Amino acid sequence: NQCFVGGTTCCERVVEPEPFAVSAMPPLALHEALDFVAMTWRAVFGKPLLRMRSVAQTGGLLLKVNTRADLESRLSALADLFKSFDIPDELLSPEDRAIDKARTLDRLLAALLKRLDEVEYQRAKQAVDGLRATNQARNAFQHTGGDTRPGLRAWNRLAVAYPPSSWSDAWT
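Report on the accompanying structure.

Section: the packing of helix H5 (residues 118-142) against helix H6 (residues 149-157)
Phase 1: Relative orientation of the contacting elements H5 and H6 amounts to 135°, with a least axis distance of 8 Å. When the axis of H5 is compared with that of H6, the two are oblique. In this structure, the crossing between H5 and H6 has a hand that is left-handed. Residues Gln126, Asp129, Gly130, Ala133, Gln136, Ala137, Ala140 and Phe141 of H5 lie in contact with H6, whose contacting residues are Gly151, Ala154, Trp155 and Arg157.
Phase 2: Its residues placed into classes, the contact of H5 with H6 shows six nonpolar, four polar and two charged.

Some remarks on the pattern of salt bridges
When the charged atoms of two side chains with opposite charge come close together, those side chains can pair.
Phase 1: A complete count under the given rule lists eight salt bridges for this structure.
Phase 2: With its nearest N and O atoms 3.0 Å apart, the salt bridge here joins Lys47 to Glu90. Here Glu90 lies in the loop between helix H3 (68-83) and helix H4 (104-115) and Lys47 lies in the loop between helix H1 (29-45) and helix H2 (55-59), a separation of 43 residues in the sequence.
Phase 3: Classification of Lys47 as partly exposed rests on a relative accessible area of 27%.
Phase 4: Between Arg132 and Asp129 there is a salt bridge whose closest N-O contact spans 3.8 Å. Taken together, the residues span about one helical turn, with Arg132 and Asp129 both in helix H5 at a distance of three residues.
Phase 5: Among the residues examined, Asp129 registers a relative accessible area of 24% and is labelled partly exposed.

Considering a nonpolar patch on the surface
Phase 1: A cluster of nonpolar side chains, Phe36, Val37 and Met39, forms an exposed patch at the surface whose accessible area comes to about 320 Å².
Phase 2: On the secondary structure map, Met39 appears in helix H1.
Phase 3: Taking relative accessible area as the criterion, Met39 reaches 54% and is therefore assigned exposed.

Rules of the game
- For every chain, the first residue of the written sequence is number 1, and numbering continues from 1 onward in sequence order.
- Where local features are concerned, this predicted model is filtered to residues with pLDDT of at least 70; where side-chain atom pairs are given and counted, the filter is 80 or more; whole-chain, interface and lining totals use all residues.
- Side-chain figures throughout are based on the complete set of non-hydrogen atoms in the structure, without hydrogens or water.
- What counts as an axis is a line fitted to C-alpha atoms, over the stretch in contact for a helix, and the angles between N-to-C directions run from 0 to 180 degrees.
- Helix and strand assignments come from DSSP, with helices taken as H or I runs of at least 4 residues and strands as E runs of at least 2, each series counted from the N terminus.
- For classification purposes, angles smaller than 35 degrees are called roughly parallel, those larger than 145 roughly antiparallel, those between 65 and 115 roughly perpendicular, and all remaining angles oblique.
- For any helix crossing, the convention is left-handed if the near helix is rotated counterclockwise from the far helix by under a right angle, and right-handed if that rotation is clockwise.
- Throughout, a contact is declared for two residues whenever any of their heavy atoms are within 4.5 Å.
- In this classification, Asp, Glu, Lys and Arg are treated as charged, Ala, Val, Leu, Ile, Met, Phe, Trp, Tyr, Cys and Pro as nonpolar, and every other residue, Gly included, as polar.
- Salt bridges, as used here, are contacts in which a Lys or Arg side-chain nitrogen is within 4 Å of a carboxyl oxygen on Asp or Glu.
- The cut-offs for exposure are 20% and 50% of the maximum accessible area for each residue type, with area from a 1.4 Å probe on protein chains only; residues under the lower value are buried, those over the upper are exposed, and the others partly exposed.
- Any residue with relative accessible area above 30% and no salt bridge may belong to a patch, with like charges joined within 9 Å and the nonpolar Val, Leu, Ile, Met, Phe, Trp and Tyr side chains within 5 Å.
- Per-residue accessibility takes into account occlusion by the displayed protein chains alone, with areas from the Shrake-Rupley method and a 1.4 Å probe.

Read these as spatial facts, not as claims about activity.
Listed below in structure tokens is the structure:
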């Protein structure tokens, strides 16, 4: 009767944590989020955000990811989608118009800087940093050798362990 947890060495409490459950996003979540951003952009700036080069490529983001090659392909398609952002010079300050048109995320932030207060801008910057992390993760896949720290930081920013235990879970 003297045996109880924490009282004597004859009794021990064993706590087994429940496994971490990864919840998959709905299949259209990414597309719906992009639609919302594009619609909001048009409402605020009066210009479309996306220049769609290929609807099929964007649709390919819905395909399952089973392998490393599948994940590389989805990250590349996502990077191409970011490159299709169209930020015209007229939305930028005169000094920001020098930002190369290929640097779409930099141009996006420059346009937002003119429209948002500091708190809103910092939130937008965090979101864009997440987009940049997907590009950096893609680059780490495709440009092996050299400094691996940026790629590892990108995976960390995306809250994905590298190498992932599941390529599918890394995508969702």
